[in-house]
Each structure stands twice: as C-alpha cells, then as structure tokens.
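# Close look at the chain arrangement
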There are 2 protein chains.
Amino acid sequence: MVPFGKYPERGIRKMGEEALWNALNDAGARPKDIQTAYCGNVGVASDTPMMAAQIALEQVGILKIPVTRIENACGSGSNAFRDAWLAIQSGIYDVALAFGIEKMTKMTMEQMKIMASGGGGDKEMEGSMGFFAVGIFGMAAHLHMDKYGTTREQIAKVSVKNHFHGSLNPLAQYGKPVTVEEVIASRPISDPLNMLDCCPFSDGAAAAILVSPEAAKRFSGTPVRVLAAAQASGTYTMETEGMVSETIQRAAQQAYEMSGLGPEDIDVAEVHDCFTIAEITHYEDLGFCKRGEGGRLIEEDRTTFGGRPVVNPSGGLLSKGHPLGATGVAQICEIVQQLRGKSGKRQVEGARIGLTHNGGGFRHGDGGCTCVHIFEA
Amino acid sequence: MVPFGKYPERGIRKMGEEALWNALNDAGARPKDIQTAYCGNVGVASDTPMMAAQIALEQVGILKIPVTRIENACGSGSNAFRDAWLAIQSGIYDVALAFGIEKMTKMTMEQMKIMASGGGGDKEMEGSMGFFAVGIFGMAAHLHMDKYGTTREQIAKVSVKNHFHGSLNPLAQYGKPVTVEEVIASRPISDPLNMLDCCPFSDGAAAAILVSPEAAKRFSGTPVRVLAAAQASGTYTMETEGMVSETIQRAAQQAYEMSGLGPEDIDVAEVHDCFTIAEITHYEDLGFCKRGEGGRLIEEDRTTFGGRPVVNPSGGLLSKGHPLGATGVAQICEIVQQLRGKSGKRQVEGARIGLTHNGGGFRHGDGGCTCVHIFEA
C-alpha cells in the first residue's frame, strides 16, 4: 500500500502506480505476470468516475488483460480481492491482481452532497429520511449503551487504541495518540459520536497479488495462504438490539466454516472501524466476545498488543485512514505483513492466523456488502 | 429484459424488479435459487450511485448472498455476466445471476458534465483535451472514409438497418424505421455523425441466470450454452488507420479460440453500435469481413435478415436503446431468444451460434473494457 493521507496534488495515476509497484516488488513479479485484475474504487468523490483502474495499471505497464472495477461502497476493496480469488479458483487464471484506489480530497460540493445524502445506501428509502452512515452509527451507539451498559469511555477507548496502534504505523494518516478525554471533548458529530470517533476522508491505494499454490513457486515473495473468502449482503431486518449485523455474522460464519477455524483461532484482525462503536459491535458479530461484551473487551485491553486477537494493529480506519476502495485491500496488506512477522513496532507476536472484515453500504441499517477473509502464515 | 426507454417516473427498484422476475420466470427459478449476483451499473447519471444492485434484488426477495457491482463504463453489463460465469467456473457456485440496470433520464447538470467531460475515459489525459465518445467516433468515421472510401451513405445505412430491426422489437426504445436521407439530414453532432448516427440515453434493466451444466437440469427453462467468455482492456496505441481496435480483436480472438469457432460460424451477433461507424469497424475487428470492407458489408445487406451473420437483430444500441450497465446483458437476452428460435418477426432463421460484443470506456482511443461472448443453441 501507499501511506494514506490527504494528497490533493496526487491523482489516481500516481497513487495507483506506487501501490502497484509495491505489490509487484513484494511478490517478485513483473507487470506481464498479471493475468487479470480487479479494482475496488468507489469514485463518487473522484473526477475519474470510471476507468481509474485501467489508468493506474497503464502506469506500470499492465495492459490488455481483463480489468474489472468493483464498487460496493466501503466494501469495494475486499470485494475486489474476493473476485480475484474466485478468478484463481476458476482455474482460468493463476496470477490475479486485486487492488483498491481512492481519491477523496478535493471533493466538489455536488460530490459531498451525494456522499452525504445516502450515497452509500438507498437514497429513495433511507436518504430521503436523512439516514446516513454517521447517523446510523450514532443510533447504534445509543442502543448499545442502553441495552448493554456500554459506556462512553469504552467507546472512546477504541479510538485511543487505534490511534496508538496507528502511531506505530508509518503508513497511517494520523500518527498521533489521543486520550479518552480528547475523544470525548472533540467536536460533536452524531450524538454520542464525536470527531475522534470517526474515520477521516483519505486518499490512498493498496494492492495484493493472488496466485494459485502452484504458481506461487514461480515468485520470490513470501506468500500467505487464503483460508477463506466469504461475502454476504444485507437483509431487511435491522435488529435494533445494539446494532447486530446479521450480514457480518453470516459472512464470518461462512469464513469460519471454510477455514475450519473459529474466532478463538484468530491471532490478529483488521476490522472495519469506520466509527468507534462499529469496532465494538464487530467484536460481537465476529465472535471475538459474546453479545453485549464488546465494551468490556476494549476496556480490558484485550484487543491491543498482549491481548488476543489484536484488532486493528495498523491503526484501523480511524487512524490509518479510509480511502474507500483501498481500505479492504490495505487491511489485507497489514495482515500479510503481520503473518510474515514483518510489522516492526506493531508486530503481533506469534501471529499465525489473521482475519479481515470490511464492509460497505447500508440498506435498512445492515450491510450492503460484507467480506470476511481468513489468512494463514 | 424490460422495454428500454425513458421512464422518468420509474426508479432502480421498479425496473430492476421487472427484469429480475422476467429472468427468474424464464428460467423456472425462484429467488432463493440464486447463490451469487453480479450487477452492471454505471450509476454516474443516477441518484443511486451505490447499492443499486442490492436495492433491486431486495425487491424480488434475493437477499443475503454475495452481490457485486461491476462498473466498466458501457461494458459493465457484459463484464458482470463474465464474472458470474467465472463464479460458476470456480465451482463455488452453480447458480449465478448477472444483471444490468441503469437510470439515465433526469440527469442533473453536474452529472451531464461528468458524462460529457471524459467521464467514460481518462479525464486527466483525454477529458482535458476535449476527447469524449462521440468526438472520437466522429474522427474514426472520417479516418475510415478517407482510408477505405467508406461513404456517408454506408455509415447512415447502419442506422437504417438497426432502426428497421428495432421496429420488429417490442422492447426497443425507438420502433420507427428511418431512411438514409433522414439520417443524413438529422441534426449534426460530431462531423460526420448526426443525431440518428448516435444511440440515445435510456433507462432499462436486463438479467440472465447462469448455471452449471449439472444445475441446469434442476430448472424448467431452455438453456443455451456459453461457449466462450473473453475480456480484454485497451493499450496505449490507437491505430489511426480507420479506428482499428486491438482490444476488440484480442477479445474476439480469445473467444474464437475458447469456442473452437471462427467468425464464419456466427449466425447472429449483437454488437456495440453506440454510433453507426462503430458497427462498421466492429465488423472488421470481429472478423466478419476484411479490414476496410465494413462499409460494403452494410451496403450489400449482408448483416440483415437473409445475410450472415445478422448483426443487431434487436435494433442494437441505436434503436433498442443504451442504458449503459444493462446493455451487455440485454444483448445476451436477445441472443438467447434467437438461439431458442423465439424472436418472432426478427427471428434469424436457423440461428445456432450467436456472439455478443460489448465494450466501454476509452483510453487513448481504445477500449477500457471489451467482452466477447459466444453462445450455442
């Protein structure tokens, strides 16, 4: 991946080029080794709404092959990775590229309006009622607090943990630790969530190369195994009991079944902490704790270094940044480095099994696209 | 598919619902039979830039499964079909849905600007120079005329043929035949192309259900075989000698190799006639005639009923309409009906092998995404 941040002067070309070379070099692959490519890109906030994938690939000389842009709101990156995985599974290809790229700074007012007015959801049904992401998560926070006694401090501590993790990650957009007090005193956004409970707008790109076990032998890079690639979409029902996501549960269940593993086997996880409260409910939906115990998990430091699983060692969306289409792939970059033992100061000791959870879009409060992947060193 | 047209009062929900039920009923399938779904949707002209696929699927009760939106400009629909095909090839699924949906009428001025200013291409490199689709095809027409002696009348005759075909298609947006004189007298758009050389803006949706050979036995519908599914993207080079598309040639070559067939075996084809001149160059790139002979092919009535292959019996984009993400899937709907012998007044007699060509996006004048599929009765 490339360092996430605000790069008003860098376009799709430049960010894509850097991430793609990073992936090629990491794998010991050349542009001509890539047989098919999938790109996660939302594009709503970009002046390149189409063809961003081809433009980026062209910069490194990846030409002529099938190039498919995947858009599934904030879940685009992992959706692209999963389709690249399916392409390998098909036997038609044995080297596939998954990447994600997003340009979000320098949005026009019109683009802002689209993003704000249910752009990631169902404008007709939800946008018209003023539903949008941070509003939904604000309600979820209240529900979780009311039902399970989750405290404002517990919720804020997710931001504290992830900003601390991010301070150890040179690729993170925000490298400064924050305190619970600072989170609670930051600018109100959607009660009870404040500015430091929310991930930022970011520019960024990330890339991963998938190979069949046989093809892996042709490259010098250190591969990790994909044990599971699961995807699910939402349903009508919004369980109001503290923001249960049936979609995440279903994707996780599939991933655990595919891998023959359970939540207790996960050493390290990157989850979609678009807002602090989200990470707490994800703990529960992914099975890292029982329903309602997410607040306690963060309070007791069980998801930071020394706990298990360590969640968002990269800093997560909150600190590392959230360039929509790149996020799902960047999570995978982090897990790959962790499983290789190459994460430096933020290395999770002995990490052997890693999980990523990335999702996007909301329909009736549940995910439009959720992917869960499990990897083995 | 649903009849293409201008439906300012119908949203993504309503059009999607109708196309999806049409496909399910045609196949003798129920919503719960669908295991994974791919949707072609460009969305730039819609007020539902994301989640359109999930919203449409929800209307017919297709829930919880992986839903992937594919965007590759005007090639989105066939790209979605090909990824559904790959999903079947992977062995992970044996029933997959490919559909396309697009809402283009009621565009805002901002959306119009995006569409016009290189929205389907590379804004930085091409959009900034004023390159956009009809401009490129206008130049291609001049090049073809200069190099091969193709006449204005030959080019206009593509519109005449396709509007005649469309007049036999109750699903076409424009059902009225036109004459060469009317095409040449219509409003100038990009010299030498006039209004009747251009496809319209359309609203529409189309859907197809893909199954493994084994799973096909579970359904009552009449399947056709997918013999080839090929995809390619563009290169730096724009051959200026009459708008040769290397990308289309490459996709066609792959499709012919996969199927063990050649252009001489094709009985009926739906090709991407976004502009009249495009159909003429497609003849050449797909191998239906030699380079430079496309004009003669249309002049001698060799691509209408009685000729071989019959090209765009549906009326093509010019007459049937072009709701971007739906187009590639709608082409496949037409070919399926043709191969079943169920196309009524526009039936191509004895059609046994059919081809679709759909593409979108331009980079340096060549396709960003081109898919060629070959089908057998």
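Residues numbered from 1 in each chain as written. Chains lettered and ligands numbered in written order. Predicted model: local features only at pLDDT ≥ 70, side-chain atom pairs only at ≥ 80, totals over all residues. Heavy atoms only, no water.

### Quick notes on the pattern of salt bridges
Which entries qualify depends on this criterion: Any carboxyl oxygen of Asp or Glu within 4 Å of a side-chain nitrogen of Lys or Arg constitutes a salt bridge here. Working definition: helices are DSSP H or I runs of at least four residues, strands are E runs of at least two. Numbering for both runs from the N terminus. Relative accessibility decides the category of a residue: with a 1.4 Å probe and only protein chains considered, values under 20% of the type maximum give buried, values over 50% give exposed, and everything between is partly exposed.
For the structure on display, the rule yields 43 salt bridges over all chains. Note that Arg152 of chain A and Asp197 of chain A form a salt bridge whose closest N and O atoms lie 2.5 Å from each other. A residue pair is termed long-range when its members are at least 10 positions apart, and Arg152 of chain A in helix α6 (residues 152-167) and Asp197 of chain A in the loop between β5 (193-194) and β6 (204-211) qualify at 45 residues. For the pair Arg152 of chain A and Asp197 of chain A, one class covers both residues: buried. Linking Asp94 of chain B and Arg218 of chain B is a salt bridge whose minimum nitrogen-to-oxygen distance equals 3.4 Å. Here Asp94 of chain B, found in the loop between α3 (76-89) and β3 (95-102), pairs with Arg218 of chain B, found in the loop between α8 (213-216) and β7 (225-232); they are 124 residues apart in sequence, far enough to count as distant. Three or more residues are tied together by salt bridges with common partners; here these are Arg225, Arg352 and Glu376 of chain A.

### Notes on the sheet that holds β6 of chain A
Just so we agree on the cut-off: At least two bridges found by DSSP between two strands is the condition for calling them paired. To define axes, lines are fitted to C-alpha atoms, for helices over the stretch in contact only, and angles between the resulting N-to-C directions are given on a 0 to 180 degree scale. Should any heavy atoms of two residues lie within 4.5 Å, those residues are counted as being in contact.
Read from one edge of the open sheet, eight strands run β6(A)-β3(A)-β1(A)-β2(A)-β2(B)-β1(B)-β3(B)-β6(B), paired in mixed fashion. Only two strands of the sheet have a single neighbouring strand rather than two, namely β6 of chain A together with β6 (204-211) of chain B. Across the sheet, the mean angle separating the axes of adjacent strands is 25 degrees when strand polarity is ignored. Sheet topology note: the strand β1 (residues 36-40) of chain A/strand β2 (residues 67-71) of chain A ladder contains four bridges and is parallel. In the sheet register, Ala37 of chain A faces β2 of chain A, and the bridge partner there is Val67 of chain A. The sheet contacts of helix α1 (residues 12-27) of chain A involve β3 (95-102) and β6 of chain A, and relative to β6 of chain A the element is tilted by about 35 degrees. Taken strand by strand, α3 of chain B contacts β1 and β2 of chain A together with β1 (36-40), β2 (67-71), β3 and β6 of chain B, and its axis lies near 160 degrees from that of β1 of chain B.

### Observations concerning the interface of chain B and chain A
Applied cut-off: Here the quantity called buried area is the total loss of accessible area, with a 1.4 Å probe, experienced by two parts when brought into contact, counted for both. Ten residue types, Ala, Val, Leu, Ile, Met, Phe, Trp, Tyr, Cys and Pro, are classed as nonpolar, four, Asp, Glu, Lys and Arg, as charged, and the remainder, Gly among them, as polar.
The partner chain A presents 58 residues to the 58 residues of chain B that form the contact. Taken together, both faces of the contact between chain B and chain A bury some 4,800 Å²; the carbon and sulfur share is 54%. If you look at where chain B meets chain A, you find two salt bridges. With a closest N to O distance of 2.5 Å, Arg69 of chain B and Glu71 of chain A form a salt bridge. Going through the elements one at a time, α2 (52-59), β2, α3, α4 (109-116), β7, β10 (353-363) and β11 (366-376) of chain B are the ones with two or more residues in the side of chain B that touches chain A. Element by element, the count of residues in the side of chain B that touches chain A is highest for α3 of chain B, at six residues. The class makeup of the residues in the side of chain B that touches chain A is 24 nonpolar, 20 polar and 14 charged. Looking at chain direction, β2 of chain A and β2 of chain B are connected through three bridges and run antiparallel. Within β2 of chain B, the position partnered with Glu71 of chain A by the bridge is Arg69 of chain B.

### Quick notes on the environment of Glu299 of chain A
All names here are of chain A. Position of Glu299 relative to the elements: it lies in helix α11 (residues 294-299). Glu299 gets classed as partly exposed once you look at its relative accessible area, which sits at 43%. Spatially, the C-alpha atoms of Glu299 and Val67 are 44 Å apart, while their sequence positions differ by 232 residues. Discounting residues that sit within four places of it in the chain, Glu299 has contacts with Gln154 and Lys157.

### Brief notes about the state of the cysteines
Using the following cut-off: In plain terms, two cysteine sulfur atoms within 2.5 Å form what is called a disulfide here.
The full count for this structure, using the stated rule, is zero disulfides over all chains. Here Cys39 of chain B stays free of any disulfide, with the sulfur of Cys369 of chain A as its closest cysteine sulfur at 13 Å. Residue classification places Cys39 of chain B among the buried positions, given a relative accessible area of 0%.

### Observations concerning the confidence of the model for chain A
Detailed reading of predicted coordinates is not advised where the pLDDT is low. How we decide: pLDDT is defined as a per-residue confidence score from the predictor, taking values between 0 and 100.
Taken residue by residue, chain A gives an average pLDDT of 92. The fraction at 70 or more is 92%. Here the prediction assigns the complex a pTM of 0.96, and the interface score ipTM is 0.94.

### Quick look at the side chain of Asp203 of chain B
Residue and element names in this part refer to chain B. Turning to its location among the elements, Asp203 is positioned in the loop between β5 (193-194) and β6. Relative accessible area serves as the criterion here: at 0%, Asp203 is assigned to the buried category. Discounting chain neighbours no more than four positions away, the residues touching Asp203 are Pro3, Phe4, Gly5, Lys6, Tyr7, Pro8, Met15, Glu102, Lys103, Met104, Thr105 and Pro323.

### With respect to a nonpolar patch on the surface
Residue and element names in this part refer to chain A. Which entries qualify depends on this criterion: Two distance rules govern patches: like charges are joined within 9 Å, and nonpolar side chains (Val, Leu, Ile, Met, Phe, Trp, Tyr) within 5 Å, applied only to residues with over 30% relative accessible area and no salt bridge. To be clear on the numbers: accessible area is Shrake-Rupley with a 1.4 Å probe, and residue cover counts the displayed protein chains and nothing else.
On the surface, a nonpolar cluster with roughly 300 Å² of combined accessible area is contributed by Met109, Met112 and Phe201. Structurally, Met112 can be placed in helix α4 (residues 109-116). By relative accessible area, which is 35% here, Met112 ends up partly exposed.

### Thoughts on a negative patch on the surface
Residues and elements named next belong to chain A. We apply this condition: Under the convention used here, Asp and Glu are negative, Lys and Arg are positive, and both His and the chain ends fall outside the count. Throughout, a charge is located at the NZ atom of Lys, the CZ atom of Arg, the CG atom of Asp or the CD atom of Glu.
A surface patch of negative charge is lined by Glu153, Glu181, Glu182 and Glu299. Examined against the element boundaries, Glu153 turns out to sit in helix α6. Glu153 gets classed as partly exposed once you look at its relative accessible area, which sits at 45%.

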